[in-house]
Amino acid sequence: MGNSTGATAPPTTTENARPGVSRRFLLGGGAAAAGATVAGLVTAQPVSASPDSTPDLLTQLPPVGQIPRRSRIVDYELGELIVLLRARKVTSVELTEAYLDRIERLNGPFEIYGDNGGYNAFVRIDREGALAQATAADKLLRHGRRSPLLCGIPFGIKDSIAVKGLEAKNGTHAYDGNLSRRDATIVARLRAQGAVIIGHTIASAFSGSIAGTFAGNAWNPRFIPGGSSQGSGVATVARLAAATIGEETGGSIIMPAAANGASAIKPSLGLVSTAGTMPLSPGYDVLGPITRSIRDASLVLAAVLGPDPASDPLTLSAPHPFPALPVGARRGNRPLAGTTIGIPQTDWMTRGGTGVPPAETYDGDYRAAFERFKAELVALGAMVKEFPGLDVTVAANDPYFRTTERLPLPDGSAVSPATALLNPNRYEIRYWQAIQAFAESHPANAPALTRQFGDLAQAAATAGAIPTAVRDEGERRRRTLQANYQRALDEAGVDFMLVLPMGAQIGPRFGGTQLRNYRSFYQLPNALTWPMVTFPIGYDSTEGLPINAAFWGPRFSEPALVQAALDYQDRHPQHHRAAPPDPVFAPPQQARGLAPAEETVPPELSNDPLVAEEAWA
């Protein structure tokens, strides 16, 4: 599989097309590159897990006697299952079979990128392999505390991430035959921690959409699942896996987590290796956990983070050892005392546009949940206040992300500062060359790839011609934006920020507006390299669909964001522990005619920063 190692930092803007070069292939068409199994990219090498912190983490989990009894085995949280498995109250085989049985009953047919008549959260599974892994995990668990942290826990992995022996197709049959010869680094680390890999969760086509239509929402399959990690967002909430891994370039972990009411962490750039992931935008791409609780997400993140210098040099930018991630709430009535949480008033929403404070655009249910949530944070001791944030629509604030300025090239054309970074990053990892090599080795796939990417050779040549000086100027501007945003927090005395990823009920999968109100600059945390966590705070009054909030802040501030979310969920567990009712689906034999031929993604909903920029322009 391919590895998004690549350069210093990335981009997010448009460029003026050069003579004879289509904008579609310059921008990559919102797609991600094929794996090195077919194209010679740097591959993920087998790695050992990060230093084993199992004993320390186990002491922070509740003893078996304090775990409440759930009505179904699949309703236990990952942190609870860790304890129950070690206490021999449940076996990994029993747990894995329970999830596989639900997949068989509720998922629908596999390998369908469209409406398959079920949840369609998993696009393919390895039932035999999962049960073999579970059997091996049970043997390890007989040794009790000596077993690794995630031993016996069933996982789903996004369709863009290499799982040895399975194809990785990144949401499209255009990558049929892209067989993974080894695990991605993150999968290898999960296996080293004893995790059971069920299979691949479905992705938006080419990881291109933050809305998604292939899967059905965990709470009501008639509604969108969010994208592009749509199956990962659905699977854990619908009780088809204990946890999943998603990938984000711009919104692709946060949006499906929010749409389904999951708890997720989008890490800082460089905290988790992306080696073995089909890349989209090296320098933006990150991998992170999607789970039911923030405690679960923190446990997973602790197991997979750490340096991977040979395969992903960006991981060398993270502190090592990384500060311990919390997995338990703090005691006392005011655990958030001393924490200042800022609500950025210039984090514009799509419904109101520039100039309207975000909360003024929320629909009734979202506004009520938002006001209640703020009051709950204050009751826990936090200072919650409005502050300007950084308005990236003001030219003086933002020389990189939304700027209309262009950097001149030697041939007389010009590129945005973001493009000056992103396209050379893609060139370095042989992004277009990988796709071209795959198309040549799989000629039946070539027409679909050509429609998506255009002239691959010309795109590579154009990106490779961007001079180092222009790329360096793009990087300088990106760092200026980062410094400007940090200054906005510092001057307001804000530790981290609170936003709602969406401000209105999500829309139907088909025949309506998919996202009715969402953060206009959902890709800004990725442009800044900053982390974000999201978790449910309520449900709407009509369809019972979830409402999520999000904390985000400076790079490598994960411990502070996670701790605040843990403190909240400990006192208000009803939101993340709620389970959707099992839907009644039509017989599976009726499903195959439902799949659309292609997924059409409006540019404003693209996960690709350069494609999304078309909508901003």
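This is a predicted model, so every value here is computed, not measured. (Residues numbered from 1 in each chain as written. Predicted model: local features only at pLDDT ≥ 70, side-chain atom pairs only at ≥ 80, totals over all residues. Heavy atoms only, no water.)

*Asks:* Break down the overall build of the protein chain for me, citing the residues and quoting the values.
*Replies:* A tally of regular secondary structure across the protein chain gives 19 helices and 13 strands. In the protein chain, buried positions account for 67% of the 617 residues. The long-range share in the protein chain, meaning contacts at least 24 apart out of those at least 6 apart in sequence, stands at 79%. Carbon and sulfur atoms make up 53% of the accessible area of the protein chain, which totals about 19,800 Å². (Helix = DSSP H or I, 4+ residues; strand = E, 2+ residues; numbered from the N terminus. Buried < 20%, exposed > 50% of the residue type's maximum accessible area, 1.4 Å probe, protein only. Contact = heavy atoms within 4.5 Å. Areas by Shrake-Rupley, 256 points an atom, 1.4 Å probe, with all protein chains shown as cover.)

*Asks:* Please give an account of the pattern of salt bridges that cites residues and values.
*Replies:* Across all of its chains, the model carries 31 salt bridges by this definition. Taking the shortest distance from any N to any O, the salt bridge between Arg295 and Glu77 comes out at 3.5 Å. Within this pair, whereas Arg295 is found in helix H9 (residues 294-304), its partner Glu77 is found in the loop between helix H2 (54-58) and helix H3 (78-86), the two being separated by 218 residues in sequence. Glu77 matches Arg295 in its accessibility class, with the two residues each being buried. Through salt bridges with shared partners, a single ionic network connects Arg72, Asp75, Arg102, Arg105, Arg239 and Asp582. (Salt bridge = Lys/Arg side-chain N within 4 Å of Asp/Glu carboxyl O.)

*Asks:* Now, about unusual backbone geometry: what can you tell me, with residues and values included?
*Replies:* The omega torsion of the bond from Gly227 to Ser228 falls at 0°, within 30 degrees of zero and hence cis. Tracing the chain through its elements places Ser228 in the loop between strand S3 (196-201) and helix H7 (230-237). In this structure, the amide linkage connecting His320 to the following residue, Pro321, adopts the cis form with an omega of 0°. Among the secondary structure elements, Pro321 is positioned in the loop between H9 and strand S7 (340-344). The backbone of Asn120 shows a phi angle near 55°, a positive value even though the residue is not glycine. With respect to the helices and strands, Asn120 occurs in the loop between helix H4 (92-106) and strand S1 (122-125). Under the relative-accessibility criterion, Asn120 is labelled buried at 0%. Here the phi dihedral of Ser207 falls at roughly 50°; this positive angle occurs in a residue that is not glycine. Along the chain, Ser207 turns up in the loop between S3 and H7.

*Asks:* Describe the packing of aromatic side chains, naming the residues involved and giving the relevant values.
*Replies:* What the rule picks out here adds up to 21 aromatic pairs. Seen in terms of ring centroids, Phe373 and Phe535 are 5.8 Å apart; in terms of plane orientation they differ by 65°. Their pairing is edge-to-face. Here Phe535 lies in strand S12 (residues 532-539) and Phe373 lies in helix H10 (residues 364-379), a separation of 162 residues in the sequence. Under the relative-accessibility criterion, Phe373 is labelled buried at 0%. Clustering of aromatic rings is evident, with ring pairs tying together Tyr175, Phe206, Tyr431, Trp432, Phe438 and Phe453. The side chain of Arg426 reaches across the aromatic face of Tyr431, ending 4.8 Å from its centre. (Phe/Tyr/Trp six-rings, centres within 6.5 Å; stacked < 30°, edge-to-face > 60°. Lys NZ or Arg CZ within 6 Å of the ring centre and 35° of its normal.)

*Asks:* Quick rundown of the side chain of Thr96? Include the residues and the values.
*Replies:* For Thr96, the location among the structural elements is in helix H4. On the basis of relative accessibility, which here comes to 0%, the residue Thr96 falls in the buried class. Beyond its immediate sequence surroundings of up to four residues, Thr96 is in contact with Ala130, Leu131, Ala134, Pro154 and Val196.

Nothing here speaks to function; it is geometry throughout.
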